Amino acid sequence: MLDIMKPQSVAGHPLIIEGSGIIEAGKWSDVSHVQKLWKDRKVLIKKSPNSKFRYFDMKKNSGKFDFRHPVQEVQDSVASFLEQADKMLSEGADERMYLQETLSGHSEMAEEFASWKWELPIRISHACGWGLPDSNELFIGMQGAETPLHFDERENLFFQVRGQKEIVVFPFVDYVKLYPFPTTHPCDRQSMVGSPIEADLNAFPKFKDASGHYATLRAGDLLYLPYGWWHWLRNLDNMAISVSFWSTTPATDLSNGVPSEFSDHMLTRVRRNLESLVAQKFGPEHLDESMLKLQQIVRNKQDDPILKYVRELLAAVKIPPQKQDDFLLEIIDGRFGIDWNKYV
Ligand SMILES: O=C(O)CCC(=O)C(=O)O
Ligand SMILES: [Fe+2]
């Protein structure tokens with residue numbers, strides 16, 4: 001039995017555990033296993049005109065952005081998915097497909113679920129003080145299909161079931177170097193840089209100082225992807241399969257008041273909260289102009305009610321006055337007043 005590391009050596013840093021055997025890879029090495037499992041079901045299939053599968057959520061478009069959908073979503077059978085994918089590859093098309101199905105509510109999977117070795121994800125979650133893994137998603141991607149750079153607000157134990165997938169991860173604190181879309185945009189939590197291997201350094205100059213870590217996941221590997229860590233993934237093999245085990249991190253305990261100093265990790269949450277509060281106060285559809293106005297005011301050392309409001313928020317989280325201007329300029333720099341559709 002694998003020894004569980006002490007929580008302090010796990011929490012906060014990604015790692016790969018080889019040979020954890022949570023899901024029996026042998027059974028899944030033939031994709032017809034999935035076809036049999038889901039023969040009577042339709043599942044979510046995403047189609048992209050290129051190989052990029054940018055995530056978006058229109059419910060989050062509080063900024064009312066004129067947003068061009070980058071991928072098409074359809075409900076289809078696994079058999080039809082496999083057939084269309086074969087055709088695309090044999091015709092040398094640029095188009096790609098990606099099956100991405102949330103596994104809750106799949107009663108036909110009861111037997112399959114029962115065969116998974118839950119002990120390891122449960123023990124890790126418990127040792128790290130997270131909630132139990134409470135949601136799974138299955139990913140089956142065509143060769144070359146790519147998930148652009150983004151982060152999730154959950155702990156993720158990501159198991160590679162079949163084939164190889166390459167990944168690049170960046171720490172949560174690289175937030176401003178990865179130019180996230182505004183929090184009021186359907187692509188909130190997504191980096192405008194998109195692909196770390198073809199980043200536009202003219203548009204995103206701070207990206208060159210971000211610290212990416214590269215790895216190849218092979219069948220049987222378990223990747224721990226901590227809360228907030230940025231990730232980019234690409235399927236090296238056709239019909240590479242992965243399953244995520246997501247757990248929730250408990251909210252920070254502030255019962256003893258706001259700590260005198262925030263960790264860099266917490267400051268990144270502060271950055272996001274600040275942006276959301278500005279959006280709430282001055283209207284989400286005006287976040288862009290509010291941020292650009294704030295930038296001007298700070299640069300010109302002017303006084304204004306918007307700056308007064310933001311300074312109060314920063315003081316409440318104990319950012320000293322002499323650090324507030326840089327903190328603000330850093331969040332705004334390069335992220336507002338641009339043609340976002342260009343980077344979707
Ligand atoms: O495997 C992929 O392409 C995306 C996985 C992912 O983003 C996740 O599990 O959070
Ligand atoms: Fe993700």
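Here the residue index of a chain counts from 1 through its sequence in written order. Written order determines the labels here, with chains lettered from A and ligands numbered from 1. The model is predicted, so local features are restricted to residues of pLDDT at least 70 and side-chain atom pairs to those at 80 or more, both for listing and for counting; the totals for chains, interfaces and linings are taken over all residues. Remark: hydrogens and water are excluded; side-chain values derive from all non-hydrogen atoms of the structure.

In the nomenclature of an unreviewed UniProt entry, the chain is known as Hif1an protein of Symbiodinium pilosum.

What is the right way to look at the overall build of the chain in this model?
Helix and strand definitions follow DSSP, with helices as H or I runs of at least four residues and strands as E runs of at least two, each counted in order from the N terminus. When helices and strands are tallied, the chain shows 10 helices and 12 strands. Relative accessible area decides the class of each residue, using a 1.4 Å probe on protein chains only: under 20% of the type maximum gives buried, over 50% gives exposed, and in between gives partly exposed. Counting all 344 residues of the chain, 51% fall into the buried class. Taking all contacts inside the chain whose residues are at least 6 apart in sequence as the whole, residues at least 24 apart take part in 84%. For the chain, the exposed area adds up to about 16300 Å²; of that, 50% sits on carbon and sulfur atoms. Taking the average location of the 40 positive side-chain charges in the chain and that of its 48 negative ones, the two points are 2 Å from each other. Note on contacts: a residue pair qualifies if any of its non-hydrogen atoms lie within 4.5 Å across the two residues. Note that accessible areas follow from Shrake-Rupley with a 1.4 Å probe, and for residues the cover is restricted to the protein chains shown. The charged-residue count follows a simple rule in which Lys and Arg add positive charge and Asp and Glu add negative charge, with His and chain termini not counted at all. A single reference atom marks each charge: NZ on Lys, CZ on Arg, CG on Asp, CD on Glu.

Would you mind showing me how to read the coordination of the iron ion (ligand 2) here?
For a metal with four tetrahedral donors the ideal donor-metal-donor angle is 109.5 degrees, while six octahedral donors give ideal angles of 90 or 180 degrees. As a rule, N, O and S atoms within 2.8 Å of a metal are its donors, except that Na, K and Ca use 3.2 Å; water is not among the atoms, so sites may look incomplete. The protein atoms donating to the iron ion (ligand 2) are His-150 (NE2), Asp-152 (OD) and His-231 (NE2), with metal-donor distances spanning 2.1 to 2.2 Å. Spacing between the donor residues of the iron ion (ligand 2) along their common chain follows H-x1-D-x78-H. Grouping residues by exposure puts His-150 and Asp-152 together as buried.

Where do I start with the confidence of the model for the chain in this structure?
Predicted coordinates in regions of low pLDDT should not be interpreted in detail. Looking at the chain, the pLDDT average stands at 93 and 97% of residues meet or exceed 70. Scored from 0 to 100, pLDDT records how confident the predictor is in each individual residue. In this model, residues 1-11 is a region of pLDDT below 50 whose contacts with residues beyond four sequence positions or in other chains number 16 contacts.

Help me understand the sheet that holds strand β3 (residues 72-76) in this model?
We treat two strands as partners when DSSP finds at least two bridges between them. Read across the open sheet, the 8 strands follow the order β1-β10-β7-β12-β5-β4-β2-β3; overall the sheet is antiparallel. With one partner strand each, in any of the chains shown, β1 (15-17) and β3 form the two edges of the open sheet. Pairwise comparison of adjacent strand axes, ignoring direction, gives a mean angle of 25° for this sheet. Axis geometry follows a simple rule: fit a line to the C-alpha atoms, using only the stretch in contact for helices, then measure angles between N-to-C directions, giving values from 0 to 180 degrees. Strands β2 (43-48), β3, β4 (96-102) and β5 (135-141) of the sheet are contacted by helix α4 (residues 78-90), whose axis makes an angle of about 155° with β4.

In this structure, what is going on with the pattern of salt bridges? I would like to understand it.
Two side chains carrying opposite charge are able to pair once their charged atoms lie near each other. What makes a salt bridge here is a side-chain nitrogen of Lys or Arg within 4 Å of a carboxyl oxygen of Asp or Glu, nothing more. Counted according to the given criterion, the structure contains 21 salt bridges. For Asp-152, the salt bridge goes to Arg-189, with nearest N and O atoms at 3.2 Å. Highlighted residues: Asp-152 in the loop between β6 (146-150) and β7 (155-162) and Arg-189 in the loop between β8 (165-170) and β9 (213-217), separated in sequence by 37 residues. An identical accessibility class is assigned to Asp-152 and Arg-189; each is buried. One salt bridge connects Lys-177 with Asp-174, and the closest N-O pair in it is separated by 3.5 Å. Using a relative accessible area of 26% as the deciding quantity, one classes Lys-177 as partly exposed. Residue class for Asp-174 comes out buried when judged on its relative accessible area of 3%. Via salt bridges that share partners, Lys-60, Glu-153, Asp-188 and Arg-272 belong to a single interconnected network.

When you look at the sheet that holds β9 in this model, what are you seeing that I'm missing?
Backbone-to-backbone hydrogen bonds join strands into a sheet, with any given pair of strands oriented parallel or antiparallel. One open sheet accounts for 4 strands, arranged β6-β11-β8-β9; its pairing is antiparallel. Looking at which strands have only one partner, the edges of the open sheet turn out to be β6 and β9. Taken over all neighbouring pairs, the strand axes of this sheet differ in orientation by 15° on average, direction set aside. Here β8 runs beside β9; their pairing, made up of 5 bridges, is antiparallel.

What exactly am I supposed to notice about the UniProt feature "domain: JmjC" (unreviewed entry) in the chain here?
In the numbering adopted here, UniProt assigns the feature "domain: JmjC" (unreviewed entry) to residues 104-262. This span, residues 104-262, is 9% helix and 31% strand, and a straight line between its end C-alpha atoms measures 36 Å. UniProt positions are given in the numbering used here, feature names are shortened, and annotations may be inferred rather than shown by experiment.

Looking at this structure, I do not really get the pairing of strand β10 (residues 222-225). What am I missing?
In the case of a regular strand, side chains alternate between the two sheet surfaces. Side-chain alternation along β10 places Leu-222 and Tyr-224 on one buried face and Leu-223 and Leu-225 on a second face that is also buried. Here β1 runs beside β10; their pairing, made up of 3 bridges, is antiparallel. Note that in β10 the partner of Leu-15 across the bridge is Tyr-224. Sheet topology note: the β7/β10 ladder contains 4 bridges and is antiparallel. Across the sheet, Phe-158 pairs through a bridge with Leu-223, a residue of β10.

Got a minute to help me understand the environment of His-33 in this structure?
Take His-33: it is sitting in helix α3 (residues 32-37). Linking His-33 and Lys-177, residues 144 residues apart in sequence, is a C-alpha distance of 42 Å. Sequence-distant contacts of His-33, that is, excluding residues within four places in its chain, are made with Lys-27, Trp-28 and Glu-112. Counted as a polar contact is a pair of N or O atoms within 3.5 Å, where, for protein atoms, one must be capable of donating a hydrogen and the other of accepting one, and residues adjacent in sequence contribute only when both atoms are in side chains. Here Glu-112 takes part through its side chain, which lies 3.0 Å from a polar atom of the side chain of His-33.

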